Amino acid sequence: MKDLEYLQQSTAVKNRFERLKKRPVALEVKNLSKRFQSPKGEVTALNNINFKAYRREFVCVIGPSGCGKSTFVRTLAGLEQASEGSILVNGSEVTGPGSDRGMVFQGYTLFPWLSVKQNVMFGLRRAGHSKAQAEEQAMQWIDLVGLSKFAENYPSQLSGGMKQRVAIARALANQPKILLMDEPFGALDPQTRAKMQSHLMEIWQNIDITIVFITHDLDEAVYLADRILVLKAHPGEVQEVIEVAVPQPRNAGHLHSQEFLACKRRLEALVHPDDETEMNKDHLNMVRMVHVHDDVPSVF
Ligand SMILES: Nc1ncnc2c1ncn2[C@@H]1O[C@H](COP(=O)(O)OP(=O)(O)OP(=O)(O)O)[C@@H](O)[C@H]1O
Ligand SMILES: [Mg+2]
């Protein structure tokens, strides 16, 4: 089995990433640090992050729990203030939330009292569009996510996957330059999740958008990303940026390719190194109540 470095040396892969890096920079993160004050003292969630995403690039961010992924994406969204450093979107500094960035969260964040159409219209109305304009545009985005038949339904009448499609339509309706997604498919069952991944890829291929997608699912990261930003914990720092050697556009056939497996192995080595597995086993021993060879009393 060929390793990732070998595959990345191929001319096709090198050319692909050379072309990618010639595109305009959509997002630039410079020396970004974020510290929180907590009752136990100061927590450094992010430490000196430097990263660039290029126009129409699909970037996944991966790392162990608590390494600062959500803090990173919330800071990009302007929902958190950087302690140090700066964030530029198309060259302009981020000072707070803005319509140039759309956000989709893991939890379902639709307004339950509004229909699908009204949810998608919400941001458009706030941006000053007339009701007719907002309705027309909302219907186009709802159509793009394949929910035209459900425009009048309320969130409680939708499945989890459908709710997230509405959330994507709502985020895209303001025509952001960057779509920020924090584990958007984390709560979905594996089949729905796979469908949503393919659907998102299709949307991304059809519109001019740069995506920053947080996940802790290695397969998801390799399947979706052009490049993967790997963060490490305590403090959250860039561990590596992986150029995914799998050709774009992707389909389910790529899931078993050499390139896919080599990239996943590299990620596994970074995110789940052996010593961490040992630590988890110790932890398991501490909380284990029943051992494998214990007699389990029968209640029947
Ligand atoms: N508002 C806050 N106040 C204090 N500490 C915080 C706050 N938000 C996050 N943190 C801390 O910052 C660190 C990073 O948290 P964050 O939620 O960004 O991690 P994460 O990588 O998204 O984790 P997960 O994979 O579990 O979602 C953690 O140590 C967390 O406890
Ligand atoms: Mg998180």
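Residues numbered from 1 in each chain as written. Chains lettered and ligands numbered in written order. Predicted model: local features only at pLDDT ≥ 70, side-chain atom pairs only at ≥ 80, totals over all residues. Heavy atoms only, no water.

**Here's the deal with the overall build of the chain**
Item 1. Looking only at helices and strands, the chain has 10 helices and 10 strands in total.
Item 2. Computed over C-alpha atoms, the radius of gyration of the chain comes to 21 Å, within 12% of the 19 Å expected from 2.2 N^0.38 for 300 residues, which places it in the range of a compact globule.
Item 3. Seen through its principal axes, the chain has C-alpha atoms that stretch 65 × 60 × 50 Å.
Item 4. Here the chain holds 300 residues, and the buried ones make up 44% of them.
Item 5. Excluding contacts between residues fewer than 6 apart, the proportion of contacts in the chain whose partners are at least 24 apart in sequence is 71%. (Helix = DSSP H or I, 4+ residues; strand = E, 2+ residues; numbered from the N terminus. Rg over C-alpha atoms; globule rule 2.2 N^0.38 Å. Buried < 20%, exposed > 50% of the residue type's maximum accessible area, 1.4 Å probe, protein only. Contact = heavy atoms within 4.5 Å.)

**Concerning the state of the cysteines**
Item 1. In the structure shown here, the tally under the stated rule is 0 disulfides.
Item 2. This cysteine, Cys60, is not joined by any disulfide, and Cys263 carries the nearest cysteine sulfur, 10 Å off.
Item 3. Among the residues examined, Cys263 registers a relative accessible area of 0% and is labelled buried. (Disulfide = S-S within 2.5 Å.)

**Some details on the pattern of salt bridges**
One side chain can pair with another of opposite charge once the charged atoms of both are near each other.
Item 1. This structure, assessed with the given rule, holds 16 salt bridges.
Item 2. The partner of Asp208 in a salt bridge is Arg55, with the nearest N and O atoms 2.5 Å apart. In this pair, Asp208 is assigned in the loop between α7 (190-206) and β8 (210-214) and Arg55 in the loop between β2 (41-54) and β3 (58-62), connecting sequence segments 153 residues apart.
Item 3. Lys264 is the partner of Asp219 in a salt bridge, and the nearest nitrogen-oxygen pair spans 3.2 Å. In this pair, Asp219 sits in helix α8 (residues 218-224) while Lys264 sits in helix α9 (residues 258-271), placing the two residues 45 residues apart along the sequence.
Item 4. Residues joined in a network through salt bridges with shared partners are Lys34, Arg74 and Glu80. (Salt bridge = Lys/Arg side-chain N within 4 Å of Asp/Glu carboxyl O.)

**Structural notes on the site of ligand 1**
Item 1. The local shell around ligand 1 consists of Phe36, Val43, Ala45, Pro64, Ser65, Gly66, Cys67, Gly68, Lys69, Ser70, Thr71 and Glu183.
Item 2. When isolated, ligand 1 has an accessible area of 630 Å², and the protein chains bury 62% of it.
Item 3. By residue number, the principal contributor to the shell around ligand 1 is helix α3 (residues 69-77), which donates 3 residues.
Item 4. A breakdown of the residues in the shell around ligand 1 according to their chemical character gives 5 nonpolar, 5 polar and 2 charged. (Near = heavy atom within 4 Å. Areas by Shrake-Rupley, 256 points an atom, 1.4 Å probe, with all protein chains shown as cover. Nonpolar A, V, L, I, M, F, W, Y, C, P; charged D, E, K, R; others polar.)

**Considerations on the side chain of Gln164**
Item 1. Note on placement: Gln164 falls in helix α6 (residues 160-173).
Item 2. Excluding residues within four positions of it along the chain, Gln164 makes contact with Val104, Phe105, Gln106, Gly107, Tyr108, Pro184 and Met196.

**Comments concerning the sheet that holds strand β7 (residues 178-182)**
Item 1. With respect to topology, 6 strands assemble into an open sheet ordered β6-β7-β8-β3-β9-β10, the strand pairing being mixed. Each of the sheet's edge strands pairs with one partner strand only, and the pair in question is β6 (101-104) and β10 (237-243). The sheet shows a mean angle of 20° between the axes of neighbouring strands, direction not considered. (Pairing = 2+ DSSP bridges. Axes fitted to C-alpha atoms, helices over the stretch in contact; angles between N-to-C directions.)

**Considering the pairing of β8**
Item 1. Of all 5 residues making up β8, 5 are buried, and the element is well covered by its neighbours.
Item 2. Here β8 shows a buried face lined by Thr210, Val212 and Ile214 and a second buried face lined by Ile211 and Phe213.
Item 3. Note that β3 and β8 share 4 bridges and pair parallel. From the neighbouring strand, Phe58 faces β8, where its bridge partner is Ile211.
Item 4. Note: β7 against β8, 5 bridges, orientation parallel. Its bridge partner being in β8, Asp182 is matched across the sheet by Ile214.
Item 5. Handedness of the β-α-β unit built from β7, α7 and β8 comes out right-handed. (Right-handed = clockwise from strand over helix to strand, strands pointing away.)

**As for helix α2 (residues 11-20)**
Item 1. If you check which residues of α2 are buried, you get Val13, Arg16, Phe17 and Leu20. Down the axis of α2, the buried side of the element spans an arc of 90°, and every buried residue falls inside it. Across α2 from its buried face, at more than 90 degrees, point the exposed residues Thr11 and Arg19.
Item 2. Close packing links the buried residues of α2 with α1 (4-8), β2, β9 (227-232) and β10. (Arc of directions from axis to C-beta.)

**Concerning the side chain of Arg250**
Item 1. Looking at the secondary structure, you find Arg250 in the loop between β10 and α9.
Item 2. With no salt bridge to any partner, buried Arg250 finds its closest opposite charge in Asp226, at an N-O distance of 4.8 Å.
Item 3. Engagement of the side chain of Arg250 in a polar contact is seen with the backbone oxygen of Val222, the distance being 3.0 Å.
Item 4. Within the local environment of Arg250, its side chain forms a polar contact with the backbone oxygen of Ala225, the two atoms lying 3.0 Å apart.
Item 5. Setting aside residues no more than four positions away along its own chain, Arg250 makes contact with Arg16, Met201, Val222, Tyr223, Leu224, Ala225, Asp226 and Val244. (Lys, Arg positive; Asp, Glu negative; His and termini not counted. Polar contact = N/O pair within 3.5 Å; in protein donor to acceptor, adjacent residues only side chain to side chain.)

**Quick notes on unusual backbone geometry**
Leave glycine aside and you will find that most residues have negative phi; peptide bonds, for their part, are mostly trans.
Item 1. A cis amide bond, omega -5°, links His234 with the succeeding residue Pro235.
Item 2. Among the structural elements, Pro235 can be located in the loop between β9 and β10.
Item 3. Cis geometry is adopted by the peptide bond preceding Pro249, which originates at Gln248 and carries an omega value of -5°.
Item 4. Along the chain, Pro249 falls in the loop between β10 and α9.
Item 5. A positive phi angle, close to 45°, is found at Asn90, a residue other than glycine.
Item 6. Inspection of the secondary structure puts Asn90 in the loop between β4 (84-89) and β5 (92-93).
Item 7. Phi is positive for Gln175, which is not a glycine, with a value near 50°.
Item 8. Its location among the elements puts Gln175 in the loop between α6 and β7.

Without other data, these values stay purely geometric and don't point to any function.
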